[in-house]
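Notes for the structure review
As a plain string of letters, each chain reads:
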Amino acid sequence: MASVAGLRYLTIGQYVPGDSPIHRLDPRTKLVALALLLAAGLATAKLATNLALFLVICALVGLARLPFRYLRSSIQPALPVILVLLALQVLFYPSAHRDPAGAGRMLISWGVLRVSAGGLWAASISLLRLINLLLLFGLLTGTTPTGALTQGLEHLLRPLNALGLPGHELAFVGAIALRFVPILGESLETILQAQASRSVRQEAGTRWRLARNAQRTAALVVPLFVEAYRRAEELSWAMQARCYRGGRGRTHLRTLVFASADYLALGLAACTVAGVILLQRLPLP
Amino acid sequence: MSETIVAIKGLRHTYLAGTPLAAPALRGAELTLRRGEMAALIGPSGAGKSTLVHFVNGLLRPPVQGQVWVLGQDTGDPSCDLVALRRQVGLVFQYPHQQLLERYVGDDVAYGPRQLGLTREELRRRVRWALDVVGLDFETFVDRHTFSLSGGEMRRVALAGVLALRPELLILDEATTGLDPRGRREIHALLRRLRAEEGMTILLVSNDMDEVAELADQVTVLHQGRTVWAGPPREVFAQAERLRAWGLLPPAATELAQTLARAGMPVPADVITLAEVEEALWQALQA
């Protein structure tokens, strides 16, 4: 039985202070580069391209000097869902689907259960894609403070203001959502502690016992939501008390300036996308 | 000397150890409690009081360094039954709204005992007893919504929910903060009664030195995760300089007595409650 603590230190989406080249980049650069790499990852359906992208991301993580544990923690919570999705993909892969590797060669055929080489192939590509996606987001949020992220996003959304899209508000909502992750973690920890200290049995938190966990989760969700609404209400009062009136006329302590490193980073991101597209056209698996 | 029921030695604890966000909370904490005593744990904010208390309740377990013995069990031993332990060690949280888990007062007070497999009548009797002890009328409160309670009532319901488990050791984490003076006095009277009538051992975590001087017979001082002093309150509060260095102030009565002594009144410097100041002044004026 594990002790009930530590949830308030959820690391998903949290900034890890540092002074690496990636930390120093302009948030706008990081956002655009993230969008480019995401697009590259989603546009290609080959193992080689996704693998290349994975290597690029690993290099970036190394450059950012982010601790391995941090990134592992940003993938881990999604793992059960990913595995279920992969299992479905393997089991229900249409055998008629054309694919370059094994052309639907059956590995196991057992009643309705059919596992084809193509299915496994597609599943491993999906796995790599999802991991790339999570790593990229971890890389962005781990190296960029929430404030800078909001500011960058606000700048990037500014052209859309003319169309009536509230750029500042959208960026702000995103930032608050990120900020609420550890706050809700803390509330969850307190509720678990309250239940534990009043003698509710909580066995070690294995995330695999899904039915059991679902039942236990139900008992947590209601107090957690009550707490979340209470926090949200308090936040809105605090904002009003400090005369928050949206982004109009608001100035920033740090103005964003593009440095040569930013142009270099954007250039490299564009090159990566181009490289991935080239790889896609090559006759690779 | 009565039996020692809590013995914590050389306890160290770091939240999220081994990550960039590591936060050391305890670096050599000690705590000893004897059966039947009313003890206090004091220290400035961030000294690790709540963390230490979580170890006594088994919400946290000893890591590599330190020993925690509670009611004859080593909580670091993997075979230790923490659920049974938590039944014997009641913890009242700092913020009562965090402790209320059900929609109705009656259900909430019954939350703990319900897990004990009691009969309906026994359960009802316990709830009635617990509400009665904290001074809430059973008929009036049992069907009230927990969210419609006032701050003081919420605190009493949270306390009743813990008392309903009939713990041997009761821990209150700043349980009188935010109460009005009358509510505070009522809780103090209640604690005295629990100790006298039920024989409960009580540990108060408090920032109110007047309260500590009034109630406690043993004080443990925590500073930056270390236990820096343990002894009777009179000894602790007599050392004004040390207290300041730990980020604490002596009780108002002690400060008053020390000011009077500096002004030339023959008042002893080690009084800690207003009643004692009154007594000393009375004697000084009569002499």
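As shown above, the structure is provided for reference.
Here is a short report on the structure shown in this document.

Describing the overall build of chain A
Each helix and strand in chain A was counted, giving ten helices and two strands. Seen in sequence order, chain A has helices and strands lined up from the N terminus as α-α-α-α-α-β-β-α-α-α-α-α. In chain A, which comprises 285 residues, the share counted as buried stands at 37%. Pairs at least 24 residues apart make up 81% of the contacts formed inside chain A by residues separated by at least 6 positions. Surface exposure of chain A reaches about 16300 Å², of which carbon and sulfur atoms provide 68%.

Concerning the nonpolar core
Residue and element names in this part refer to chain B. Formed by 52 residues in total, the largest nonpolar core has its most connected members in L170 and L191. Take this core: its biggest share by element is seven residues, from helix α6 (residues 151–163). Setting aside its immediate chain neighbours within four residues, L170 contacts G90, V92, L159, V162, L163, L191, L194, M200, T201, I202 and L203. Within the second largest apolar cluster, 41 residues are counted, among which are I5, Y15, A29 and L52.

With respect to the packing of aromatic side chains
One pair of aromatic rings is described through two measures. These are the centre distance and the angle between the planes. What the rule picks out here adds up to three aromatic pairs over all chains. Taking 5.3 Å as the distance between ring centres and 55 degrees as the angle between the ring planes, the aromatic pair formed by A:F258 and A:Y263 counts as tilted. A residue is classified by how much of its surface remains accessible, and A:Y263, at 54% relative accessible area, is exposed. Here the basic side chain of B:R128 rests over the ring of B:F138, its NZ or CZ set 4.1 Å away from the ring centre. Over the face of the ring belonging to B:W129 we find B:R166, whose NZ or CZ atom lies 4.0 Å from the ring centre.

Things to note about helix α1 (residues 49–56) of chain B
Most of α1(B) is tucked away, with seven of its eight residues classed as buried. Residues of α1(B) that are buried: B:K49, B:T51, B:L52, B:V53, B:H54, B:F55 and B:V56.

Thoughts on the pattern of salt bridges
All names here are of chain B. Scanning all chains against the criterion turns up 20 salt bridges over all chains. For E122, the salt bridge is made with R126, and the minimal N-O distance between the two is 3.6 Å. Linking E122 with R126, this pair stays in helix α4 (residues 120–133), spanning four residues, or about one helical turn. The salt bridge partner of E139 is R128, with a shortest N-O separation of 3.6 Å. You can see E139 sitting in helix α5 (residues 138–141) and its partner R128 sitting in helix α4, a full eleven residues away along the chain. The class of R128 is partly exposed, set by a relative accessible area of 39%.

Regarding the sheet that holds strand β9 (residues 218–223) of chain B
Residue and element names in this part refer to chain B. Taken in spatial order, the six strands make up an open sheet running β6-β7-β8-β3-β9-β10, and their pairing is mixed. Each end of this open sheet is capped by a strand with a single partner; those strands are β6 (89–92) and β10 (226–231). Sheet twist, expressed as the mean angle between neighbouring strand axes with direction ignored, is 15 degrees. Pairing analysis gives four bridges linking strand β3 (residues 38–42) to strand β8 (residues 201–205), with the strands arranged parallel. For M38, the partnering residue across the bridge sits in β8 and is I202.

Regarding unusual backbone geometry
Despite not being glycine, A:R65 shows a phi value in the positive range, around 50 degrees. Inspection of the secondary structure assignment puts A:R65 in the loop between α3 (47–64) and α4 (68–75). By relative accessible area, which is 61% here, A:R65 ends up exposed. Although it is not a glycine, B:Q224 sits at a positive phi angle of roughly 50 degrees. Structurally, the position occupied by B:Q224 is in the loop between β9 and β10. With a relative accessible area of 46%, B:Q224 lands in the partly exposed category.

Rules used throughout
- Residues numbered from 1 in each chain as written.
- Chains lettered and ligands numbered in written order.
- Predicted model: local features only at pLDDT ≥ 70, side-chain atom pairs only at ≥ 80, totals over all residues.
- Heavy atoms only, no water.
- Helix = DSSP H or I, 4+ residues; strand = E, 2+ residues; numbered from the N terminus.
- Buried < 20%, exposed > 50% of the residue type's maximum accessible area, 1.4 Å probe, protein only.
- Contact = heavy atoms within 4.5 Å.
- Areas by Shrake-Rupley, 256 points an atom, 1.4 Å probe, with all protein chains shown as cover.
- Core = buried A, V, L, I, M, F, W, Y, C linked by side-chain atoms within 4.5 Å.
- Phe/Tyr/Trp six-rings, centres within 6.5 Å; stacked < 30°, edge-to-face > 60°.
- Lys NZ or Arg CZ within 6 Å of the ring centre and 35° of its normal.
- Salt bridge = Lys/Arg side-chain N within 4 Å of Asp/Glu carboxyl O.
- Pairing = 2+ DSSP bridges.
- Axes fitted to C-alpha atoms, helices over the stretch in contact; angles between N-to-C directions.

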